[in-house]
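The primary structure of each chain is shown beneath.
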Amino acid sequence: MTTHRALKDWIGKVAELTQPDDIYWCNGSVEEYDAMAEKLEAEGGFSRLNPETHPNCWLHRSDPTDVARVEHLTFVCTSKQEDAGPNNNWMTPGKARAKMESLYKGCMKGRTLYVIPYCMGPIDSPLSRCGVEVTDSTYVVCNMKLMTRMGKQALQRIEREGSFIKGLHSVGDLNPDRRFIMHFPEDLEIQSFGSGYGGNALLGKKCHALRIASYQARSEGWLAEHMLILGVESPEGKIHYIAGAFPSACGKTNLAMLIPPQIYKGWKIWTIGDDICWMRVGEDGRMWAINPESGFFGVAPGTAANTNPNALAMLDHDAIFTNVAVTEDNQPWWEGLDDRVPATDWKGNPYNPENGPAAHPNSRFTVHMSQCPSYSDKAEAPAGVPISAIVFGGRRERLVPLVMESHSWRHGVLMGASMASETTAANIDEVGVVRRDPMAMKPFCGYNFGDYWKHWMSFDGVSDKLPEIFHVNWFRKDANGKFMWPGFGENMRVLDWIIKRCEGKVGSLDTPIGNLPLPGDLNLEGITVPAATMEALLEVDTAAWREEISEIGKYLDSFGARTPESIKAEQKRVSEALTRA
Ligand code: OXD
Ligand code: MN
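Residues numbered from 1 in each chain as written. Chains lettered and ligands numbered in written order. Predicted model: local features only at pLDDT ≥ 70, side-chain atom pairs only at ≥ 80, totals over all residues. Heavy atoms only, no water.

A word on the overall build of the protein
Consideration 1: If you tally the helices and strands in the protein, you get 16 helices and 29 strands.
Consideration 2: The C-alpha atoms of the protein give 23 Å as radius of gyration, which agrees with the globular expectation for 581 residues (25 Å, within 12%).
Consideration 3: Taking all 581 residues of the protein together, the buried fraction comes to 60%.
Consideration 4: Contacts in the protein between residues at least 24 apart in sequence constitute 73% of all its contacts with a sequence separation of at least 6.
Consideration 5: Split by element, the accessible area of the protein, about 22,000 Å² in all, is 50% carbon and sulfur. (Helix = DSSP H or I, 4+ residues; strand = E, 2+ residues; numbered from the N terminus. Rg over C-alpha atoms; globule rule 2.2 N^0.38 Å. Buried < 20%, exposed > 50% of the residue type's maximum accessible area, 1.4 Å probe, protein only. Contact = heavy atoms within 4.5 Å. Areas by Shrake-Rupley, 256 points an atom, 1.4 Å probe, with all protein chains shown as cover.)

Below you can see the structure in the form of structure tokens.
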């Protein structure tokens, strides 16, 4: 229970509406986690994986219709539609509340209502923010324990500070027709019904740490972003921190845990976070960042010894696997892991390749970040880490070069706003279609993109120590559909160039779309990328870019009067430079 009056009253009201059999306040202890996992096992929602190879690991099979985020059922409910913007589905707060109330009525009968106080960010950080999630899902409780600082200490902070985000979640009957994820940013409130999937149900993650936090960040002068945070340590012991925005399932987790190739002897990548970054300009004029999460909710397929050995190493104990396949001896398995043949697919049926992949393409692992071999204890630093570079990147088969640096902060904001990517299985919609995904925030910005770009632009000139902004593309393909850049660990070479640019150690080729590496400055020692391929990876196709910049202009204009003049002016500057080129 709590001494916090408003919290107590709210829980009382929710219980009256949802009518649970019991109410349980989570304390966040390890004993509690173990007991919850066993309870879930008894309920049929967890099954224990091989205890010899994977001690304390659990398999969860979701409802087959509940396997990803549902952007079409996700709403931002501001009083005025323009405040949510064309980038969000919108409903009036009144209509949304009425709809949700009718769904929540009596929905927890026969169930336990769990109260989960949680803190996003290190428990003692002034950058952190707290919330309380109420849920009837034991699976959510277990995941929230790994993904957030949950329980007693968070409750104490809430009682001390007074404020918290209210999140109400019920799995309901998992009927996709009765599934909604509603956000009320003006009231700092989230209501989610009908899904148990991570991005819809672990309310600390996308709903709080991105949609609600981006709205708060705007009014409080900071940034809540869909970004990984990593540290690159040189053999001399100097660490540069980089924040990177990539759309869902585009390799943020792999990049955050990268192991440098052999020629980078003495270099080390440190992992601070793989999905979300909250940053603010510190007194020293640098941008300081925290990862609000405490765990990884990563895409399993494709995670393997050659793509992400650090991730594999953290997944052989104390982890939750959702919708993966299993081998005959009950080990978790997914496509790309190795050449064993699984016995059972993600739905629990005997594996038959004719029925599609054994693991769901958006199957996931949940694990506490301290289990990662590259985990940095700076993830707990109350002040966060100082960011040297911000990197934007999409999945683009054509056009976009391997790496380029922006001409300025303003140009960097335009680069971020122009991001586009082929869609992935992290959302329920069609996969592989190119869509604009500004700053990788398309599904996550809790307000009008026009206002969001204005907010980004407001940092221009506040300090001469702001991060440099870059754009990368690991996903270029040749005429035969083959990736041109080896990617994964070899992306270290691109990070190396980025750091050299931040330190002013190398020059660059100034082009209308950005500054590109000069021949020879990108370290290619030890890999064989043919010269012609390298040339293509760094080529600027002026004619194609003229078309692209004009499309970008149309996209920016589609946000009407909310699009700031500063970003339009930047688009015009690049467009004119391309015309002259
Ligand atoms: C995620 C996502 O789960 O972006 O991180 O969908
Ligand atoms: Mn994400």
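Structural notes on the coordination of the manganese ion (ligand 2)
Consideration 1: Coordination of the manganese ion (ligand 2) by the protein is provided by K206 (NZ), H226 (NE2) and D275 (OD), with metal-donor distances spanning 2.2 Å.
Consideration 2: One chain supplies every donor to the manganese ion (ligand 2), and in sequence these donors are spaced K-x19-H-x48-D. One end of the pair, K206, is in helix 8 (residues 204-220); the other, D275, is in the loop between strand 15 (268-273) and strand 16 (277-281), and 69 residues separate them in sequence. Here the two residues K206 and D275 agree in accessibility, since each one is buried. (Donors = N, O, S within 2.8 Å, 3.2 Å for Na, K, Ca; no water.)

Brief notes about the site of ligand 1
Consideration 1: As a matter of local geometry, ligand 1 sits amid R69, K205, K206, H226, S248, D275, R364, A426 and F444.
Consideration 2: Here an oxygen atom of ligand 1 sits 2.9 Å away from a polar atom, N or O, in the side chain of R69.
Consideration 3: A majority-of-atoms criterion places ligand 1 in the largest pocket.
Consideration 4: Tallied by class, residues from the shell around ligand 1 come to two nonpolar, two polar and five charged.
Consideration 5: Two domains each provide a minimum of three residues to the shell around ligand 1, namely domain 1 (5-44 + 69-221) and domain 2 (225-294 + 377-580). (Near = heavy atom within 4 Å. Polar contact = N/O pair within 3.5 Å; in protein donor to acceptor, adjacent residues only side chain to side chain. 1 Å grid on protein atoms, 1.4 Å probe; cavity = no way out; pocket = protein on both sides within 12 Å on 5 of 7 lines; lining within 4 Å. Sits in = over half its atoms within 2 Å of the grid points. Nonpolar A, V, L, I, M, F, W, Y, C, P; charged D, E, K, R; others polar. Domains from an automatic or database assignment.)

Details of the pattern of salt bridges
Consideration 1: Tallied over the full model, the rule gives 38 salt bridges.
Consideration 2: Residues R69 and E71 are paired through a salt bridge, measuring 2.8 Å at the closest nitrogen-oxygen approach. Judged on exposure class, the residue R69 and its partner E71 are both buried.
Consideration 3: Linking E380 and R149 is a salt bridge whose minimum nitrogen-to-oxygen distance equals 2.9 Å. Residue E380 is found in the loop between strand 22 (364-368) and strand 23 (385-393), and its partner R149 is found in strand 8 (residues 149-150); the two are separated by 231 residues along the sequence.
Consideration 4: In this structure E380 comes out as partly exposed when scored by relative accessible area, which is 34%. (Salt bridge = Lys/Arg side-chain N within 4 Å of Asp/Glu carboxyl O.)

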